[in-house]
Amino acid sequence: MNSCGVSLSAATVALGDEAKKMAAGKASRDSEEESLSLTVEEREALGGMDSRLFGFVRLHEDGARMKTLLGKAVRCYESLILKAEGKVDSDFFCQLGHFNLLLEDYSKALSAYQRYYSLQSDYWKNAAFLYGLGLVYFYYNAFHWAIKAFQDVLYVDPSFCRAKEIHLRLGLMFKVNTDYKSSLKHFQLALIDCNPCTLSSAEIQFHIAHLYETQRKYHSAKEAYEQLLQTENLPAQVKATVLQQLGWMHHNMDIVGDKASKESYAIQYLQKSLEADPNSGQSWYFLGRCYSSIGKVQDAFISYRQSIDKSEASADTWCSIGVLYQQQNQPMDALQAYICAVQLDHGHAAAWMDLGTLYESCNQPQDAIKCYLNATRSKRCSNTSTLAARIKFLQNGSDNWNVVQSLSHHPVQQVYSLCLTPQKLQHLEQLRANRDNLSPAQKRQLEQLESQFVLMQQVRHKGVAQGLHKSQSSCVSGPNEEQPVFSTESAQYQQATSTGIKKPNEHLTLPSNSVPQRNADSHLSSHIATSGGQQGIIFTKESKPSKNRSLVPETSRHTGDTSNGCADVKGLSNHVHQLIADAVSSPNHGDSPNLLIGDNPQLSALLIGKANDNVGTGTCDKVNNIHPAVHTKTDHSVASSPSSAISTATPSPKSTEQASINSVTSLNSPHSGIHTVNGEGLENSQNSTKVDLPLVSHRSTSQIIPSMSVSICPSSTEVLKAFRNLGKNGLSNSCVLLDKCPPPRPPTSPYPPLPKDKLNPPTPSIYLENKRDAFFPPLHQFCTNPKNPVTVIRGLAGALKLDLGLFSTKTLVEANNEHMVEVRTQLLQPADENWDPTGTKKIWHCESNRSHTTIAKYAQYQASSFQESLREENEKRTQHKDHSDNESTSSENSGRRRKGPFKTIKFGTNIDLSDNKKWKLQLHELTKLPAFVRVVSAGNLLSHVGHTILGMNTVQLYMKVPGSRTPGHQENNNFCSVNINIGPGDCEWFVVPEDYWGVLNDFCEKNNLNFLMSSWWPNLEDLYEANVPVYRFIQRPGDLVWINAGTVHWVQAVGWCNNIAWNVGPLTACQYKLAVERYEWNKLKSVKSPVPMVHLSWNMARNIKVSDPKLFEMIKYCLLKILKQCQTLREALVAAGKEVIWHGRTNDEPAHYCSICEVEVFNLLFVTNESNTQKTYIVHCQDCARKTSRSLENFVVLEQYKMEDLIQVYDQFTLTSFFPDTAEEIGSC
Ligand SMILES: [Zn+2]
């Protein structure tokens, strides 16, 4: 627990001192002060209290004393700050933040933390502060900021005592953000950690299983769920939820054979789930859906009934009941049920749509129109364009209906207003059942309700009912042939997906005709899931199930399945199910005795996505209030009234009661804009958070390698002598001689911004005429000049007489037709744009799904794609002559609105040409290249790694059809890259200079994409807006593109072509610096660095003579840092009695990475006993080893280098004085 920078006891002691000082200074004080000072014992007790205890202190029952103490401490600190007019040590604020956090007073905690942040320039050294701040952000759903704060903690203190809690929360947040890869990694890191955290390992495992499900990896999910069921002593709630998930998944997915058996499995699972938790309204609801789908109507009704009894009435349940009635030809009952649904949730788009369909089927188009309009007004309606078309159709066709309609016209609003709410209906039923034992008040209530009911019945029979019954027959044949303009399925899918998303950074004002992108969809699902996972009990038991859930697409059976409303009905329907399934994942923690989740409001923050209405009040108010509270504070105002500034925020804890009240009130206010309010609230909070807490922007640094004078490079003996006295108390990474580095930050956008007319700069290009040009030394300098983010070397292949035919598809097939090709399935997008799959709006996320094939098969695809396009071209030409008029009009129409649906294409990528036996001719041909672009050369850092890094220091091949896209990226560890187009077609490149990567990173974050891991295609308009220059050019066959260190780029094939590419690392200060910076950034982001920079730096020191002082200093500094780490770690291990076993290394042994967290492990390898015996050597880093085995009893420590040898290498690595012309010459020394 000592790993954090802030000395807390020091802070409290200081408080005492401060108090004394003040007492001395201002002699007379009133008696109040006495009661406001802390006793020595109290100070002692508070000494160890900080954010790390969050979730582990009990404040209720036995913890009441603790609560009182914390409360007193807060008052005491506040009054002290007030008296000192804010001029207190910054640690006071930090401590005040901790106390408020422990008291779960988040707004005050945030306020205090922000104060600390603004006062303490090296705040980042204080892990407890960052952790507390992360928890507060997490509570407010400000995931973006929470992630940053948590990642900082792990960066500055990888052995932080709450690392497990951090990984768990990162896992949850990444799941919400649909960054599944990162999510899984963090869940796994949480799982291996044997320290305590707020979820049990069963619950973490549940989240992992659910993560698979969210990604539609159903078989993995099923396996993981089933494995979880085998766990001994599985808590009943987890068991119930797992079974519920399994049941629902079986109902929705084709995991097992035919429909009959899958439903039977589903029903079995759900019944078992109900055995484990008989009170789950959700399980009853699902069971009803299963019964409904196999036609067991009575069972379905019973289950729905149970669902409504067990949980609060849910719009979804009522909607499903409506569907069931409609199928039973009971339109009046259906009507009633739908109306219950929309009364419960006026924004329930699916219910409005089903209601509309019902009216339509009863020849009441005007009412149908009103319902559809209501549906389109719902935030959760996302197929509005289809609906709008339907409305238009009905409006135009309504002439034909007038006769029928006049008979039965009963406006929809009237029905709506006359109906009893489901709660009232339920209440009525209860009262009726108890008729004999009612109090007078209850009797009056009953009378009232009865009369309302009668009124309702009358309306129903007089008006709508007639219409409905009458038209029932016409529903079957009748004029409804065009009815299925939209499938309810897709509608519901969209409804479900766009429901009440409370993603902090989401723009909630979607254009009304937009269909949410897939991202948002899955986001939602995961959001629900996570929330459920957090504390299902609160919401499953006390509040109504989420509105997010959609209902079964049963009605789509009526309407047929001609849906043209969505591009991929099957996919979408899968989504529906998935979403529904997600909605229920709610393992319960309330019962676990050692957990405090049940009453842990900050965890419930995640549930905001689920409990829609909640956000309207509690949380959102708070979020909004954070900023005023903090923002208005000038130093002065704070000084004068710290407590008032602190207490501006509403302290009301979120309660479920509140939630349900809200849901009722929101019913009658269709346009109350609750969502917008929420949205704005959250958005504001984002914005103002940015203003208040410029964690990123202001303190942008690249201090990983601070530029420094050579003087800080003392001889190793001195250094180590100094180290020897350190590290006595544990294995802390902190150091005295080498200051800790702050967490890396992306660069802010270069200032001043480029004028708009400079945003399309010409691409640096060099035309080669002959071999001499290619080997002309300045060419190398030009390419590696940091001012040129990219260089196109035109006509290189011709100048060098390279035989590109060796890389033609034909030759490749002849050479190795069975060779593996990684395939990316993508959408064929228009030119430089990237649209969502439905073609509704431009997005950053770029579809690129991975699979595998062989060269032969891909070649076949490539050829047939070419043939097909020839054929199409011919057809077009003939068609064009005939229909030239039509085309012009249709293209006009499509210009503004829809683009899709898009054709699917396949891109053959990352084909490994490293095998010198298989690709001898090809690889030999590339040795004709000038040294600085060659795959292997003395001046190439990657040739000094000493082992293969596939695709980096080996060649990769790409096989393309037009539209094949390499999404935006920087190269691994910011190395340079070389790319030659083989042809016959061209490629188009988009390039952004390195110093703008922070801007692109921000765009990715805004779009919920992982800059390092996701597939994204920048929207050029966004970049233009943000003053980001984009180089754009065509790479013809034979052209070589040199991507300089750190340059961001994305590429698409214009024609059919192959490319070859690899990385090189020129021996420049810039390259080394950017590589190390990315190495650190990767560490912060928990992403593996393909280039082992530590290992490489030592190899460089051994093999290369460096004459560039800047490069030399950086390398020397890194070596020094590593040397010190090795030394302190080794000594600490020995001091702790842990044997360090000499292991050495073989010549071409690759660098090692931790098998858990994937950081590079240098010199001291933590290998599990078992794998050491088996000689498989599963390597861990120290931190991961300690997480699984606190005192390392399960590990042996293997040493690969003698300290003396490292010291010698360090000392012998000196600056070379000679000054050569080119790096190649340096390298060749
Ligand atoms: Zn590790």
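Residues numbered from 1 in each chain as written. Predicted model: local features only at pLDDT ≥ 70, side-chain atom pairs only at ≥ 80, totals over all residues. Heavy atoms only, no water.

Student: Is there a simple way to explain the overall build of the chain in this structure?
Tutor: Within the chain, the secondary structure is distributed over 51 helices and 19 strands. Residues classed as buried in the chain amount to 60% of the 1229 residues present. In the chain, the proportion of contacts linking residues at least 24 apart, taken out of those at least 6 apart, comes to 80%. Here the chain has roughly 48800 Å² of accessible surface; of this, 52% comes from carbon and sulfur atoms. (Helix = DSSP H or I, 4+ residues; strand = E, 2+ residues; numbered from the N terminus. Buried < 20%, exposed > 50% of the residue type's maximum accessible area, 1.4 Å probe, protein only. Contact = heavy atoms within 4.5 Å. Areas by Shrake-Rupley, 256 points an atom, 1.4 Å probe, with all protein chains shown as cover.)

Student: I would appreciate a short explanation of the coordination of the zinc ion in the present structure.
Tutor: Any two of four tetrahedral donors ideally make an angle of 109.5 degrees at the metal, while pairs among six octahedral donors ideally make 90 or 180 degrees. Coordination of the zinc ion by the protein comes from Cys1154 (SG), Cys1157 (SG), Cys1181 (SG) and Cys1184 (SG), over a distance range of 2.2 to 2.3 Å. Expressed as a motif, the donor residue spacing for the zinc ion is C-x2-C-x23-C-x2-C. (Donors = N, O, S within 2.8 Å, 3.2 Å for Na, K, Ca; no water.)

Student: Teacher, can you tell me more about a negative patch on the surface here?
Tutor: Together, Glu868, Glu872, Glu873 and Glu875 line one region of the surface with negative charge. Note on placement: Glu873 falls in helix H41 (residues 855–896). We classify Glu873 as partly exposed; its relative accessible area is 44%. (Patch = residues over 30% accessible without salt bridge, like charges linked within 9 Å, V, L, I, M, F, W, Y side chains within 5 Å. Salt bridge = Lys/Arg side-chain N within 4 Å of Asp/Glu carboxyl O. Lys, Arg positive; Asp, Glu negative; His and termini not counted. Charge placed at Lys NZ, Arg CZ, Asp CG, Glu CD.)

Student: Where do I start with the sheet that holds strand S2 (residues 790–794) in this structure?
Tutor: Where strands meet in a sheet, backbone hydrogen bonds hold them as pairs that are either parallel or antiparallel. A sheet is described by the order of its strands in space; here nine strands give the open sequence S1-S2-S11-S8-S13-S6-S5-S3-S4, paired in mixed fashion. The open sheet is flanked by strand S1 (765–767) and strand S4 (849–854), the only strands paired with a single partner. Pairwise comparison of adjacent strand axes, ignoring direction, gives a mean angle of 25° for this sheet. Sheet analysis places strand S6 (residues 956–960) next to strand S13 (residues 1057–1064), joined by five bridges and oriented antiparallel. Counterpart to Lys960 in the pairing with S13 is Cys1057. Strands in contact with helix H38 (residues 777–784) are S1, S2 and strand S11 (1040–1043); relative to S2, the strand with the most contacts, it is inclined by about 145°. (Pairing = 2+ DSSP bridges. Axes fitted to C-alpha atoms, helices over the stretch in contact; angles between N-to-C directions.)

Student: Hey, could you run me through the sheet that holds strand S10 (residues 1031–1035) in this one?
Tutor: The antiparallel open sheet is built from four strands, whose spatial order is S7-S12-S9-S10. Bordering the open sheet on either side are strand S7 (965–969) and S10, each of which pairs with just one other strand. Between one strand axis and the next, the sheet turns by 15° as a mean value, whatever way the strands run. Direction of pairing for strand S9 (residues 987–992) relative to strand S12 (residues 1048–1053): antiparallel, over a ladder of six bridges.

Student: Whenever I open this one, the nonpolar core confuses me. Can you help?
Tutor: One broad trend across soluble globular proteins is that nonpolar side chains are buried collectively. Phe129, Phe150, Val992, Leu1000, Leu1023 and Trp1050 are the most contacted members of the largest nonpolar core, which has 113 residues in total. Here this core gets 10 residues from one element, more than from any other, and that element is helix H7 (residues 127–139). In this structure, Cys290, Ile321, Val323 and Trp352 belong to the second largest nonpolar core, which totals 48 residues. (Core = buried A, V, L, I, M, F, W, Y, C linked by side-chain atoms within 4.5 Å.)

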